[in-house]
Amino acid sequence: LFPLSTSCDSVLPPKWMESMEEDLIPVTATGNAHRPPRKGLRHLLIALALVFLVGQGVIIAILVFAVKTHQDVQDVHTSMKDTRDALNVMAKSMTAMSDEVNNIDDTVTTTRDAVNTVSMRTEDINDMVNTVENVVQATSNELDTVNENTIDIGGQVDQLSIRKYAVPYVPPRKIQWWRGTCWDFGTLSVVEHQYRLQGLANGWLKENEFLKISEQAYANTTLELCKDPKNKDLCDMPGDQVAWGSANGGEVPLLYYFRDVYKTHIVPWEVCPYIRYTDDSSCTNLEEALATGNPITFEMTQFTSLYDIPTIKQQLREKGHVMSWSVPLHSTYYYRPCFDEEVCKPGTDTCTPCPLDKNFGTPCCTVETRPCYNMEGEFFQHGQLASNAGHAMTIVGYNDDFMVKSGSKGGFILRNSWEDGMVSFDEFGTSLRPRGSHSIAYWMKEISEMDERVICPNAHNPRNWYACSGGETDAAKIIPHCVSDRAAHTARLARQPLELKCIDADECIIGADTSYYALNTTTIGDDLGHMCFLEYNKSTEAGRTLCPSARPIDLYSMIFNVTEEEEVANNDDLCGFYFFPYELLEHAISRLTGFFVNDFEIEFDECAYLHNKDKCPDKNYKWVESSMREQQAMPKFTSAYPNDIPLERLWKHALDHHRRTLRHRRPSRSWSR
């Protein structure tokens with residue numbers, strides 16, 4: 001075989017090529033040539049060589065194609081093997097998936113059974129819910145009556161979570177004495193408190209500092225405003241006298257009506273100190289104080305009137321300051337057994353039948369009319385309500401859990417403007433009226449009764465007199481118990497008066513030689529107290545038991561009084577607070593008229609404070625400086641028996657105040673029952 005080539009010349013041997021060139025015969029012009037046989041053979045050989053060469057190329061191409069095809073077949077075979085392996089893996093996966101699907105089918109079947117069970121139970125629950133809804137619907141009216149103890153839809157605090165509250169930094173009470181100016185004191189107490197709170201918040205006052213404001217000047221300005229005929233309709237309210245030239249009777253809302261005047265006309269205490277005993281509203285220094293730059297200026301930003309218990313409690317907590325309280329007072333009645341047929345003879349007009357629901361021991365009674373409060377500072381209702389007069393005080397807090405002596409639970413804590421002790425002449429014209437009060441901490445139940453007697457001893461209250469009988473009933477055996485040093489020491493530790501004196505000659509012996517000691521108290525009849533006493537003669541050292549007729553407990557203070565050695569006045573910085581039960585308030589609202597609470601929002605100018613006097617050179621701070629006061633802090637008690645605290649230190653303030661009070665009293669009047 002010859003090597004393959006694309007050129008025929010390079011394929012034929014050289015000798016053949018030379019032989020072929022010799023045999024070529026040129027072609028004639030006519031195109032004919034004589035071809036001898038030797039040339040045809042040469043052509044045939046060439047053709048055969050060409051055929052051979054073409055066949056060889058075809059064979060080679062076929063072999064190349066076969067090799068390539070074989071390789072492709074091998075690749076396809078390998079691919080099919082891989083595919084078969086993949087199919088085997090897929091088959092195994094499909095088998096696993098089939099098993100998983102079977103498991104899912106089982107789970108679905110189980111779930112379907114559970115859903116059917118839940119559906120059945122849901123039907124049962126729906127039936128129960130429908131039953132509960134019917135019960136709730138049936139009791140919705142009852143739930144409305146106790147909405148004070150439910151959560152307000154608007155997001156208000158649950159009333160049950162705040163069962164007691166008192167605002168902080170309440171200034172000391174001030175006394176209206178023998179004038180009908182409670183409205184004056186009830187109004188300015190709000191101004192004083194907000195002045196103090198804003199001063200503390202801005203660092204302009206110390207914690208124990210407060211500004212004493214003049215009620216005398218406020219009454220003077222009010223009377224001048226009420227003289228104007230155009231203001232008569234604002235001033236002339238039933239029972240009030242401010243429209244007629246007297247401060248005996250006015251209204252708290254006047255501060256709002258005349259706010260454009262009062263915002264510059266309220267002045268410090270020393271401008272016009274309060275006149276106690278006469279209806280005199282003069283104020284000689286007022287014009288000077290106003291003309292020389294009165295620093296006490298403010299703007300009233302809000303005024304609100306409140307009428308229901310839940311709203312008052314909520315407002316008190318949210319605002320955190322005192323509010324003015326105006327309420328109708330009433331008289332209450334007690335039935336006292338009458339055994340003297342000459343005074344009250346059965347079957348005649350002189351006999352008032354005793355109530356049948358209580359045992360009086362006689363068919364005839366006398367009726368005792370009393371005010372609606374006791375010497376504990378508790379307002380109460382006993383029997384029927386009879387309207388007496390209106391009174392303004394200041395609400396400082398509430399306690400839902402305090403129970404008063406009459407049995408009512410829960411009520412408001414009020415700062416009053418009444419004097420404690422044996423009031424010889426009060427604002428109602430009564431010649432003798434016993435009164436008492438307590439501290440805020442006492443009404444909030446933050447201290448014990450013995451702790452309270454350290455600051456508010458209420459020495460004139462018969463409930464606080466020390467009983468020294470020692471369990472004996474014979475006077476001869478009682479005397480050693482009552483007149484001993486041991487009894488005196490124990491009574492002193494208990495903060496209770498021991499030795500008493502007689503002030504009613506019709507009931508006992510008045511004299512320096514005769515002393516009286518409380519023995520015991522029982523309750524009879526119409527919640528009357530029956531107290532027995534030891535009457536002891538110091539000269540003869542003899543004694544006897546004395547048991548005056550039953551009467552309201554407080555009235556024994558009109559027979560006996562504490563001796564001067566044991567008389568301790570209440571602390572004016574901490575006492576002076578009364579308690580008004582919710583139950584009584586609801587009765588007063590439904591049967592009497594005139595109850596409302598006023599809330600004022602007041603913003604004082606920074607120049608109103610002595611601390612900022614350098615910023616306000618045009619203001620006169622002389623009266624402000626002289627009217628600044630410091631309030632005594634509440635003692636810190638560590639137990640219910642504060643015997644580790646020296647009495648002399650705790651009582652010093654009260655004793656000093658009592659001596660000052662005695663110097664300023666009017667000449668004593670005759671005691672009248």
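None of the values given here were measured: they were computed from a predicted structure.

Engineer: So, helix 3 (residues 182-201): which residues are in play, and what are the values?
Structural biologist: Its 20 residues place the ends of helix 3 29 Å apart at the C-alpha level, agreeing with the 28 Å of an ideal helix rising 1.5 Å per residue. Counted residue by residue, helix 3 has 17 buried out of 20 residues, so it is predominantly covered. Of the residues flanking the end of helix 3, it is Gly203, one or two places downstream, whose phi is positive at about 75 degrees.

Engineer: Account for the pattern of salt bridges, with residues named and values stated.
Structural biologist: The final tally for this structure, using the stated rule, is 19 salt bridges. Its salt-bridge partner being Arg336, residue Glu368 comes within 2.9 Å of it at the nearest N-O pair. In this pair, Glu368 is assigned in strand 6 (residues 364-371) and Arg336 in strand 4 (residues 323-337), connecting sequence segments 32 residues apart. The buried category is assigned to Arg336, whose relative accessible area is 12%. For Glu499, the salt bridge goes to Lys538, with nearest N and O atoms at 3.0 Å. Of the two residues, Glu499 sits in the loop between helix 13 (485-493) and strand 11 (500-502) while Lys538 sits in the loop between strand 13 (528-537) and strand 14 (542-546), which places them 39 residues apart along the sequence.

Engineer: Before we move on, can you summarise unusual backbone geometry with the specific residues and values?
Structural biologist: Its identity is not glycine, yet Asn458 carries a phi of approximately 45 degrees, on the positive side. If you trace the backbone, Asn458 turns up in the loop between helix 11 (449-455) and helix 12 (475-482). At Arg495, a residue that is not glycine, the phi angle is positive and equals roughly 60 degrees. Here Arg495 is to be found in the loop between helix 13 and strand 11.

Engineer: For the nonpolar core, give the residues involved together with the corresponding values.
Structural biologist: In terms of nonpolar packing, the biggest core is built from 78 residues, with Tyr262, Ile266, Trp325, Phe379, Ile395, Phe412 and Phe604 touching the most fellow members. Ignoring sequence-local partners within four residues, the contact set of Ile266 consists of Leu188, Val191, Ile213, Tyr218, Leu255, Asn294, Ile296 and Phe298. Ala459, Tyr516, Tyr556 and Ile559 belong to the second largest nonpolar core, which has 15 residues in total.

Engineer: An account of the side chain of Asn598 is needed here, citing residue identities and associated values.
Structural biologist: In this structure, Asn598 sits in strand 17 (residues 596-604). At a separation of 3.0 Å, a polar atom in the side chain of Asn598 contacts the side chain of Ser305. Here Asn598 is in contact with Val252, Pro253, Phe303, Thr304, Ser305, Met323 and Ser324, once residues within four sequence places are set aside.

Engineer: Would you mind going over the pairing of strand 16 (residues 577-581) in detail, with residue names and values included?
Structural biologist: Most of strand 16 sits inside the fold, with five of its five residues counted as buried. Here strand 16 shows two buried faces, one formed by Phe577, Phe579 and Pro581 and the other by Tyr578 and Phe580. Bridge count between strand 8 (residues 409-415) and strand 16: five bridges; the pairing is antiparallel. Across the sheet, Gly411 pairs through a bridge with Pro581, a residue of strand 16.

Engineer: Give a detailed account of the environment of Lys358, specifying residues and quantitative values.
Structural biologist: Along the polypeptide, Lys358 turns up in the loop between strand 5 (352-353) and strand 6. As for Lys358 and Ile524, which are separated by 166 residues in sequence, their C-alpha atoms are 8.7 Å apart.

Engineer: So what's going on with the state of the cysteines? Residues and values would help.
Structural biologist: This model, assessed by the stated rule, comprises ten disulfides. In this model Cys532 forms its disulfide with Cys547; the gap between the sulfur atoms is 2.0 Å. Taking the sign of the S-S torsion, about 115 degrees here, the bridge from Cys532 to Cys547 comes out right-handed. With Cys532 in strand 13 and Cys547 in the loop between strand 14 and strand 15 (560-562), the pair connects residues that are 15 residues apart, well separated along the chain. Residue classification places Cys532 among the buried positions, given a relative accessible area of 13%. Here Cys607 engages in a disulfide with Cys616; their sulfurs sit 1.8 Å apart. Between Cys607 and Cys616, the S-S dihedral sits near -75 degrees, and the bridge is therefore left-handed.

The rules we used
Residues numbered from 1 in each chain as written. Predicted model: local features only at pLDDT ≥ 70, side-chain atom pairs only at ≥ 80, totals over all residues. Heavy atoms only, no water. Helix = DSSP H or I, 4+ residues; strand = E, 2+ residues; numbered from the N terminus. Expected span 1.5 Å × (residues − 1). Buried < 20%, exposed > 50% of the residue type's maximum accessible area, 1.4 Å probe, protein only. Salt bridge = Lys/Arg side-chain N within 4 Å of Asp/Glu carboxyl O. Core = buried A, V, L, I, M, F, W, Y, C linked by side-chain atoms within 4.5 Å. Contact = heavy atoms within 4.5 Å. Polar contact = N/O pair within 3.5 Å; in protein donor to acceptor, adjacent residues only side chain to side chain. Pairing = 2+ DSSP bridges. Disulfide = S-S within 2.5 Å.

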